[in-house]
Amino acid sequence: IQTALALSHKEKGEEEIRQVLGAFGIEKVYEQTVETLSGGERQRACIAIAFLKDAKIILADEPTGNLDHENALKVLSELSRVKGDRYVVVISHDIDLAENFADRIVTLSDGKIISDKKAASEGERKVDPEANDSASANGGAEKGVAVNEGASAEKGISAADGAEKESPAAPG
């Protein structure tokens, strides 16, 4: 973690680094080398580094792909938390999680937009901790991107699946 920050000329104190790692459930990796981390820990550490680098744009392709449901919720919750301050785009096959964290869901199939819609409002969202990965339910043949519009209506988190059957809407 410290090496990645040093290479990007970002100075962060130990307390701040540990706090961000803790938000992703990986506080124990602070003093470990990358070779000793599991795949899921590496994935969460990469996202934590983007937070620590103060990246204004976070592009996350399947950030929950190697994570169990609990850790997937942690990652998407943290990405959602910063959506007012940064641009966040998440690509995912998990429509259930996308609908609970995205403000906008753009569904792609064979490289074409087949749906572009606002996601459920905050009051309508329900995260089901027992939900299955919907990619397995639809074969993962389609992929999507969704954008959560944050405080400035220009920033946010994205996620989508491909299970949508709507006709394309004008982006907005």
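Residues numbered from 1 in each chain as written. Predicted model: local features only at pLDDT ≥ 70, side-chain atom pairs only at ≥ 80, totals over all residues. Heavy atoms only, no water.

With respect to the overall build of the protein
Each helix and strand in the protein was counted, giving six helices and five strands. Secondary structure elements of the protein occur, N-terminal to C-terminal, as α-α-α-β-α-β-α-β-β-α-β. A total of about 9,200 Å² of accessible surface is found on the protein, and carbon and sulfur atoms cover 50% of it. (Helix = DSSP H or I, 4+ residues; strand = E, 2+ residues; numbered from the N terminus. Areas by Shrake-Rupley, 256 points an atom, 1.4 Å probe, with all protein chains shown as cover.)

With respect to the nonpolar core
If you look at the biggest cluster of nonpolar residues, it comprises 31 residues, and the most contacted ones within it are Ile1, Ile17, Leu21, Phe24, Phe51, Ile58 and Leu79. Of all the secondary structure elements, the ones that give two or more residues to this core are helix H2 (14-23), helix H3 (39-52), strand S1 (57-61), helix H4 (69-81), strand S2 (87-92) and helix H5 (95-101). Top element by residues in this core is H3. It accounts for seven residues. Grouped together as the second largest cluster of nonpolar side chains are five residues, Ile95, Ala98, Ile105 and Ala119 included. (Core = buried A, V, L, I, M, F, W, Y, C linked by side-chain atoms within 4.5 Å. Buried < 20%, exposed > 50% of the residue type's maximum accessible area, 1.4 Å probe, protein only.)

Describing the side chain of Arg86
Within the secondary structure layout, Arg86 lies in the loop between H4 and S2. Of the buried charged residues, Arg86 lacks a salt bridge, with Asp54 as the closest side chain of opposite charge at 4.1 Å. (Lys, Arg positive; Asp, Glu negative; His and termini not counted. Salt bridge = Lys/Arg side-chain N within 4 Å of Asp/Glu carboxyl O.)

Overview of the environment of Arg18
With respect to the helices and strands, the residue Arg18 is situated in helix H2. Among the residues examined, Arg18 registers a relative accessible area of 29% and is labelled partly exposed. When the C-alpha positions of Arg18 and Val29 are compared, they lie 9.0 Å apart, and in sequence the two are eleven residues distant. Dropping the residues within four chain positions of it, Arg18 is found in contact with Glu27, Tyr30 and Glu31. (Contact = heavy atoms within 4.5 Å.)

Some thoughts on the packing of aromatic side chains
Under the counting rule described, the total for this entry stands at one aromatic pair. Ring geometry for Phe24 against Phe51: centres 5.3 Å apart, planes inclined by 90 degrees, an arrangement best described as edge-to-face. Of this pair, Phe24 sits in the loop between H2 and H3 while Phe51 sits in helix H3; the two residues are 27 residues apart in sequence, bridging distant segments of the chain. Since its relative accessible area comes to 5%, Phe51 is described here as buried. One residue, Arg86, lies across the ring of Phe51, its end atom 5.1 Å from the ring centre. (Phe/Tyr/Trp six-rings, centres within 6.5 Å; stacked < 30°, edge-to-face > 60°. Lys NZ or Arg CZ within 6 Å of the ring centre and 35° of its normal.)

Digging into H2
Turning to H2, its buried residues are Ile17, Val20 and Leu21. End-on, the buried residues of H2 take up no more than an arc of 100 degrees, which puts them together on one face. Turned more than 90 degrees from where H2 packs its buried face, Glu15 and Gln19 sit exposed. Buried-residue contacts for H2 involve helix H1 (2-7) and H3. One or two residues past the end of H2 sits Gly25, with phi positive at roughly 75 degrees. (Arc of directions from axis to C-beta.)

Let's talk about the environment of Ile49
Along the chain, the position of Ile49 falls in helix H3. A relative accessible area of 16% means that Ile49 is categorised as buried. Sequence separation between Ile49 and Ile17 is 32 residues; the distance between their C-alpha atoms is 8.8 Å. In contact with Ile49, other than residues within four places in its own chain, are Ile1, Ala4 and Leu5.

Comments concerning H4
Taking 1.5 Å per residue, 13 residues should reach 18 Å; H4 reaches 18 Å between its end C-alpha atoms and fits that length. Considering only its buried residues, H4 is in contact with H2, H3, S1, S2 and H5. The backbone nitrogen of Glu70 has a side-chain oxygen 3.2 Å away, supplied by the residue at the start of H4, namely Asp68. (Expected span 1.5 Å × (residues − 1). Polar contact = N/O pair within 3.5 Å; in protein donor to acceptor, adjacent residues only side chain to side chain.)

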